[in-house]
Amino acid sequence: MEGKTLVLLVSLAVPAALSAQGRPCDPPTPLGPSHDLYCLELVPAPGVAGVSGRVELASPPGPFTVAVTAEGRTRVLPIVYLSGLPRTDGVYIAWAVSPQMDTLIKLGPVRNGSTTLRPIDLDKFLILISTERSASVSAPRGRMILRGQSPSTRPFPPDVLEFSVGGMRMPETMEHHQDDSTAWPMPPVPAGLTMLPAEMALRPDVTPFLPTTNEPLPNADSNEVLRLKDGDFIDLDAELVRRTIAGRTFTMYSYNGQYPGPLIEVTQGSEIMVRFTNHLPDSTSIHWHGIRLENAFDGVDAVSDAFTYTLRFPDAGIYWYHPHIREDIQQALGLYGNIVVRERGARVRANRESS
């Protein structure tokens, strides 16, 4: 009798302790349930304001502490807490989808306040809330309002969620790229390849960077060939030039006013000095791509004025040089050039085939 009484007292004490610790979406406490593992923050979709929500991952009722399927997948009971949902002529529906978009579970209608939905037994999943015309829809067709991802998906890249939302369907205004020369350009899509609409809509909220100046600038010249011997010095200047592309004139960057920069030809084993001067409004440097040389001369530090590089060429081949500071801007605007290192004693030029 005493043993049975003890078991009863323990079973009554456990729920009381859990209740005192709070729920996963309550403010975290030292001995409380894990906020990170059992409370999902819902993020508003782009263009949606004033709406917020959370999803508590509770355990479905059962005799065990953790609920699992016969296959061993964890089952969770999502309890949705929402606020700020505007009135709609339709209904808000919650969905659970796998990251690969091969499984879709309709969890049911939701509203402001708390709603307990059907259990989920996916290892990794996303929670999506859309506005639909009717509660009878079998798949999302309306606008996405909120989305969140299970803790098990966190090792994924952060943009996977955006791509997955795109797979569900985006508003028509986002499905077509407007032909605007000032908009962020997107790479062309090969024929027959369908991209997720949300991926095609992922554009930085910025305009492409182009330098401007009111000063007269020379037009960019074609690059020259600098054939150098062991011990030679050359001057290499980073400066602004004008280039006309498709009938439009732009301010761009150059080495020695050339686009691309001068082609440097040397013989294997030779050493040269490059007196570099920066005339750009930004700091820059030169990285001698693929050439084995001392770290101090490989474009590690920014150059705002001038620097002299000492270059040795131990290996024959074709290489190139470019900045290692904001190369996304500086290299794209014209700061790059090639290097040909001829093999010692070779009579055939490195850029030609021998018969």
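Residues numbered from 1 in each chain as written. Predicted model: local features only at pLDDT ≥ 70, side-chain atom pairs only at ≥ 80, totals over all residues. Heavy atoms only, no water.

Outline the packing of aromatic side chains, listing residues and values.
The tally for this structure, following the rule as stated, stands at eight aromatic pairs. Each ring, one from Tyr259 and one from Tyr336, has its centre 5.9 Å from the other, and the planes form 70°; the classification is edge-to-face. One end of the pair, Tyr259, is in the loop between strand 11 (248-255) and strand 12 (263-267); the other, Tyr336, is in the loop between helix 6 (327-330) and strand 17 (337-342), and 77 residues separate them in sequence. Ring centres 6.3 Å apart and planes at 45° place the aromatic pair Phe297 and Phe307 in the tilted group. With Phe297 in the loop between strand 14 (287-289) and strand 15 (306-312) and Phe307 in strand 15, this residue pair connects regions lying ten residues apart in the sequence. You can call Phe297 buried: its relative accessible area is 18%. Of the aromatic side chains, those joined through ring pairs into one cluster are Tyr255, Phe276, Trp288, Phe297, Phe307, Tyr309 and Tyr321. The ring of Tyr259 has Arg243 sitting right over it, with the charged end atom 3.5 Å from the ring centre. (Phe/Tyr/Trp six-rings, centres within 6.5 Å; stacked < 30°, edge-to-face > 60°. Helix = DSSP H or I, 4+ residues; strand = E, 2+ residues; numbered from the N terminus. Buried < 20%, exposed > 50% of the residue type's maximum accessible area, 1.4 Å probe, protein only. Lys NZ or Arg CZ within 6 Å of the ring centre and 35° of its normal.)

Pulling in residues and values, what's your account of the sheet that holds strand 17?
Two strands in a sheet stick together by hydrogen bonds in their backbones, pointing the same way (parallel) or opposite ways (antiparallel). If you walk across this open sheet you meet the five strands as 9-12-17-16-14, and the pairing is mixed. On the outer flanks of this sheet lie strand 9 (225-227) and strand 14, each paired with one strand and no other. Between one strand axis and the next, the sheet turns through 25° on average, direction left out of account. Sheet topology note: the strand 9/strand 12 ladder contains three bridges and is parallel. Note that in strand 12 the partner of Leu226 across the bridge is Ile264. (Pairing = 2+ DSSP bridges. Axes fitted to C-alpha atoms, helices over the stretch in contact; angles between N-to-C directions.)

Residues and numbers for the side chain of Ser130, please.
With respect to the secondary-structure elements, Ser130 resides in strand 7 (residues 126-132). Within the structure, the side chain of Ser130 is placed 2.9 Å from the side chain of Trp95, a separation counted as a polar contact. Within the structure, Ser130 has its side chain in polar contact with the side chain of Glu132 (distance 2.6 Å). (Polar contact = N/O pair within 3.5 Å; in protein donor to acceptor, adjacent residues only side chain to side chain.)

Can you tell me about the pattern of salt bridges, naming the residues and giving the values?
All told, the structure shown has ten salt bridges when counted by the stated rule. For Asp315, the salt bridge is made with Arg292, and the minimal N-O distance between the two is 2.8 Å. Pair noted here: Asp315 is in the loop between strand 15 and strand 16 (317-322) and Arg292 is in the loop between strand 14 and strand 15, with a separation of 23 residues, a long-range link. A relative accessible area of 27% means that Asp315 is categorised as partly exposed. Arg326 serves as the salt-bridge partner of Asp328, at 2.7 Å between the closest nitrogen and oxygen. Residue Arg326 is classed as partly exposed on the basis of its relative accessible area of 48%. (Salt bridge = Lys/Arg side-chain N within 4 Å of Asp/Glu carboxyl O.)

Can you break down the state of the cysteines residue by residue, with the values?
Taken as a whole and assessed by the stated rule, the structure comprises one disulfide. Residue pairing for Cys25: its cysteine sulfur links by disulfide to Cys39, the two sulfurs lying 2.2 Å apart. Taking the torsion about the sulfur-sulfur bond, which here is approximately 110°, the covalent link between Cys25 and Cys39 counts as right-handed. Residue Cys25 is found in the loop between helix 1 (2-21) and helix 2 (35-38), and its partner Cys39 is found in strand 1 (residues 39-44); the two are separated by 14 residues along the sequence. Of the residues examined, Cys25 reaches a relative accessible area of 11% and is grouped as buried. Under the relative-accessibility criterion, Cys39 is labelled buried at 4%. (Disulfide = S-S within 2.5 Å.)

Describe in detail the nonpolar core, supporting the description with residues and values.
Ile264, Trp288, Tyr309 and Ile339 are the most contacted members of the largest nonpolar core, which has 31 residues in total. Counting residues per element, the ones that place at least two in this core are strand 10 (233-245), strand 11, strand 12, strand 13 (271-278), strand 15, strand 16 and strand 17. Judged by nonpolar contacts, the second largest core, of 25 residues, contains Leu42, Val55, Val76 and Ile129. (Core = buried A, V, L, I, M, F, W, Y, C linked by side-chain atoms within 4.5 Å.)

Explain the pairing of strand 16 to me, and be specific about the residues and the numbers.
Side chains on a regular strand alternate between the two faces of the sheet. Across three bridges, strand 14 lies against strand 16 in antiparallel orientation. Residue Trp288 lies in a different strand from strand 16, and its bridge partner there is Tyr321. As paired elements, strand 16 and strand 17 share five bridges and run antiparallel to each other. Bridge pairing in strand 17 links Gly317 to Val341.

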